[in-house]
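Close look at the chain arrangement
Here is how the chains run, residue by residue.
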Protein chains: 2
Amino acid sequence: MVEIAVGLAPVGRDTVQDRVYSELRRALIGGLFAPGQVLTIRQLADALLTSTMPVREALGRLIAEQALEALPNRSIRVPLVTLDRIEDLLRTRVLLEGEAMELAAQRMTPRLLDSIRTIMAEWEEMRLGGDPETVDREVTLNHAFHFEIYRACGSTILPPMIESLWLQSGPFTRAAIYAFAEAGAQDAARFHHDILNALAAGDGVAARAALVADISRPFAYLREKLGKEGVA
Amino acid sequence: MVEIAVGLAPVGRDTVQDRVYSELRRALIGGLFAPGQVLTIRQLADALLTSTMPVREALGRLIAEQALEALPNRSIRVPLVTLDRIEDLLRTRVLLEGEAMELAAQRMTPRLLDSIRTIMAEWEEMRLGGDPETVDREVTLNHAFHFEIYRACGSTILPPMIESLWLQSGPFTRAAIYAFAEAGAQDAARFHHDILNALAAGDGVAARAALVADISRPFAYLREKLGKEGVA
DNA sequence: ATGTTTGATCTGTGATCACACTTGATTTGA
DNA sequence: TCAAATCAAGTGTGATCACAGATCAAACAT
């Protein structure tokens, strides 16, 4: 058989389970669920207007990815936020995302750089608007900015692992985003610009350093806040 | 209510799904499934003497962990082995396991060291026996040796991620183990001794180096073998 | 001989039901 | 008055069934 239509993308299935999974994942990364919140299958099925079957399988996947926690009671909850866990997450994210960033810097192409700049531009415009309603979109764009880079690292293993870390960070990054809405806006933008410049120069070490600064910022804030209040 | 029987361990549930999951995981790490092999729910359910329900949920978890692959055909298979994938896995394992090892070296206790030595002793005795029947037990002990260390690293995030990498490495490490049964036995033993000595000395850098040598060995062999034969 | 259609079989997906267990409030007992 | 027993509502788990899509071979048409 001759090769036809090489430019087409694979169509990909669209099962109910996948939609439920994507929706829950979006909600987790966006911080719509509170740490410690218990999720029940039937309640989610009602909210999502489906039956319990797709929900329980999606929850099973999220538990396997450490994004949710299965208690011995058989109940399912969003993991708690503790000081230890924050340190742990930050350290692991620096390790993996730093590596992915440095690898990506060595394989950067003008085309990819353009794509990243486009996302960055939209993100910055939104931040300047200062509309609190757009925080969801902001989270999405921030996610897109980082993973557009990580996908360029040449590894098929690293990006899914980093996604898992974002999923675990999700429940308490939103708090930090809100808090930094004014105070840290220019900082975050500066870090992203630093990353972009380093990538354009092909300087992996500088890109890694800028990234570490970028993701350490909200964690440092949370650490300080939790240190005063105890667990949230 | 008064506190009674404080010394008891939590009983922990034992669902059919968990047993299926453990069994599949064991089979994958032990290399019982061939790369590219297609797994069907009903066939596994028959083999495991259960219904399809627990099997499909267990498969869903394994897919979420990247241990299995969901094709657009809706069929499920063990991921293929390619040269790129081998390089990718090795690089990521060195990154994560090296970090875990260095962290563990800084938190090592005499009690844990003893526990590791016990595993090591049993493993070495089995290797000296040279019985090809015991390769399953050998794989299990090798796993126990490494993860007894990784659990000591103080992170709750790192070990599950490393488990996921072992799961992905499983389908083609067995080939390497067989090949090294005679040729590399003393090498592997030496690396494990190096690791143990470094841990006892609290020397994280040396422990990391010994570990990298340990896990690079079978990968190097596979790389060479695949380079000659093409994909397996 | 090549390409198309057809049909039987097998696959994952989702819905529904029964069951065992947890949980929390209510009732019962001393 | 307080602790223990009880009961009802709600939970995840597993089995079973119905269905749409995939697969592959044989029959057919070009």
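Cut-offs and rules
Throughout, residues of each chain are indexed from 1 in the direction in which the sequence is written. Think of it this way: whatever chain is written first is A, whatever ligand is written first is 1, and the rest follow in order. With the structure being a predicted model, the display of local features is reserved for residues of pLDDT at least 70 and the display and counting of side-chain atom pairs for 80 or more, all residues being used for whole-chain, interface and lining totals. Hydrogen atoms and water are omitted, and side-chain values are computed over all heavy atoms in the structure. Helix and strand assignments follow DSSP, with helices taken as H or I runs no shorter than four residues and strands as E runs no shorter than two, numbered in order from the N terminus. To sort residues, take the accessible area from a 1.4 Å probe on protein chains only and compare it with the maximum for the residue type: under 20% means buried, over 50% means exposed, and anything in between is partly exposed. Here, two residues are considered to be in contact whenever any of their heavy atoms come within 4.5 Å of each other. Here a residue is considered near a molecule or strand provided that any single heavy atom belonging to it is located within 4 Å of it. Polar contact is the term for a pair of N or O atoms within 3.5 Å; when the atoms are in protein, one must be able to donate a hydrogen and the other to accept it, and sequence-neighboring residues count only if both atoms are side-chain atoms. Pairs of strands are assigned from DSSP output, requiring at least two bridges between the strands. In these notes, a set of buried Ala, Val, Leu, Ile, Met, Phe, Trp, Tyr and Cys residues joined through side-chain atoms within 4.5 Å is what counts as a nonpolar core. A quick way to say it: buried area is the sum, across both parts, of accessible area lost when two parts are put together, with a 1.4 Å probe. When a carboxyl oxygen of Asp or Glu lies within 4 Å of a side-chain nitrogen of Lys or Arg, that pair is called a salt bridge. Values of pLDDT, ranging from 0 to 100, describe the predictor's confidence in every residue of the model. All copies are superposed by least squares; the fitting set is the C-alpha atoms of residues with a pLDDT of at least 70 in both. Expected helix span is given by 1.5 Å per residue-to-residue step, counting one fewer step than there are residues. Where helices are involved, their axes are fitted lines through C-alpha atoms of the stretch in contact, as for all axes, and angles between N-to-C directions lie from 0 to 180°. Take the far helix as the reference: if the near one is turned anticlockwise from it by less than a right angle, the crossing is left-handed, and if turned clockwise, right-handed. Under the scheme applied here, ten amino acids are nonpolar (Ala, Val, Leu, Ile, Met, Phe, Trp, Tyr, Cys and Pro), four are charged (Asp, Glu, Lys and Arg), and all others, including Gly, are polar.

**Focus: the overall build of chain A**
In terms of regular secondary structure, chain A is built from nine helices and three strands. Going through the 232 residues of chain A one by one, you find that 47% of them count as buried. Contacts in chain A between residues far apart in sequence, at least 24 positions, make up 75% of those at least 6 positions apart.

**Re the protein's contact with DNA strand D**
Around DNA strand D sit 15 residues, and of these Arg13, Arg56 and Arg74 of chain A together with Val16 and Ser51 of chain B come closest. For DNA strand D, the backbone portion of the atoms within 4 Å of the protein, that is sugar and phosphate, comes to 63%. Measuring from a phosphate oxygen of DNA strand D, one finds a backbone N or O atom of isoleucine 41 of chain A at 3.1 Å. Taking arginine 42 of chain A, its side chain carries an N or O atom lying 3.1 Å from a base nitrogen of DNA strand D. Going through the elements one at a time, α2 (41–48) of chain A together with α1 (16–29) and α3 (52–64) of chain B are the ones with two or more residues in the surface near DNA strand D.

**Some thoughts on the sheet that holds strand β3 (residues 76–77) of chain B**
Residue and element names in this part refer to chain B. One open sheet holds the three strands; their spatial order is β1-β3-β2, and the pairing between them is antiparallel. Two strands bound the open sheet, and with one partner strand each, they are β1 (38–39) and β2 (69–70). Bridge count for β1 against β3 is two bridges, and the pairing is antiparallel. Each bridged residue has a counterpart across the sheet, and for leucine 39 the counterpart in β3 is isoleucine 76.

**A few points about the nonpolar core**
Membership of the largest hydrophobic core comes to 90 residues, with the highest contact counts inside it found for Leu96, Ile149 and Leu199 of chain A together with Leu96, Ile149 and Leu199 of chain B. The contact partners of leucine 199 of chain A, leaving out residues within four places of it in the chain, are Met101, Ala105, Met108, Leu113, Ile116, Ile149 and Ala207 of chain A.

**Observations concerning the interface of chain A and chain B**
In this complex, chain A contributes 29 residues to the contact, which on the side of chain B involves 30 residues. Contact with chain B buries area across many residues of chain A, yet Leu95, Ile157 and Met161 of chain A alone supply 22% of it, more than any other trio. Between chain A and chain B we count two salt bridges in total. We note a salt bridge from glutamate 57 of chain B to arginine 56 of chain A, for which the minimum N-O separation is 3.1 Å. Connecting chain A to chain B are six residue pairs in polar contact (both at pLDDT 80 or more). Elements with a contribution of two residues or more to the side of chain A that touches chain B: α3 (52–64), α4 (83–106) and α7 (158–183) of chain A.

**Some points on the confidence of the model for chain A**
Residues and elements named next belong to chain A. Averaged over chain A, the pLDDT score is 86; the fraction of residues at 70 or greater is 84%. In the model of chain A, α7 stands out as the element of lowest mean pLDDT, 81, in contrast to strand β1 (residues 38–39), which has the highest, 96. Ignoring residues within four places in sequence, the model shows residues 1–6, a span with pLDDT below 50, making zero contacts including any to other chains.

**Comments concerning the relation of the copies chain A and chain B**
Superposition of chain A onto chain B requires a rotation of 180° combined with a translation of 0.0 Å along the rotation axis, giving an RMSD of 0.0 Å. Such a turn and shift between the copies fits a two-fold axis. No C-alpha of chain A approaches the rotation axis more nearly than that of arginine 61 of chain A, which lies at 2.5 Å. The fraction of interface residues of chain A whose copies in chain B are also interface residues reaches 100%, indicating that both copies meet through the same surface.

**Focus: α1 of chain B**
All names here are of chain B. In this model α1 runs 20 Å from its N-terminal to its C-terminal C-alpha over 14 residues, within 8% of the 20 Å that 1.5 Å per residue would give. Along α1, the residues classified as buried are Val20, Tyr21, Leu24, Arg25, Ala27, Leu28 and Ile29. At the exit of α1 stands glycine 31, carrying a positive phi of roughly 75°.

**Brief notes about the packing of α2 of chain A against α3 of chain A**
Residues and elements named next belong to chain A. Relative orientation of the contacting elements α2 and α3 amounts to 120°, with a least axis distance of 9 Å. Here α2 and α3 pass one another in a crossing that is right-handed. Together, Ile41, Arg42, Leu44, Ala45 and Leu48 of α2 and Thr52, Val55, Arg56 and Leu59 of α3 make up the contact between the two elements. Split into classes, the residues belonging to the contact of α2 with α3 amount to six nonpolar, one polar and two charged.

**Focus: the protein's contact with DNA strand C**
Every one of the 15 residues lining DNA strand C counts as a neighbour, but Val16 and Ser51 of chain A together with Arg13, Arg56 and Arg74 of chain B are closest to it. The sugar-phosphate backbone supplies 56% of the atoms of DNA strand C found within 4 Å of the protein. With respect to DNA strand C, the backbone of isoleucine 41 of chain B contributes an N or O atom lying 3.1 Å from a phosphate oxygen. A distance of 2.8 Å separates a base nitrogen of DNA strand C from a polar side-chain atom of arginine 56 of chain B. Listing elements by their share of the surface near DNA strand C, those giving two or more residues are α1 (16–29) and α3 of chain A together with α2 (41–48) of chain B. Tallying contributions element by element places α3 of chain A first for the surface near DNA strand C, with three residues. Among the residues making up the surface near DNA strand C, the classes are represented as five nonpolar, six polar and four charged.

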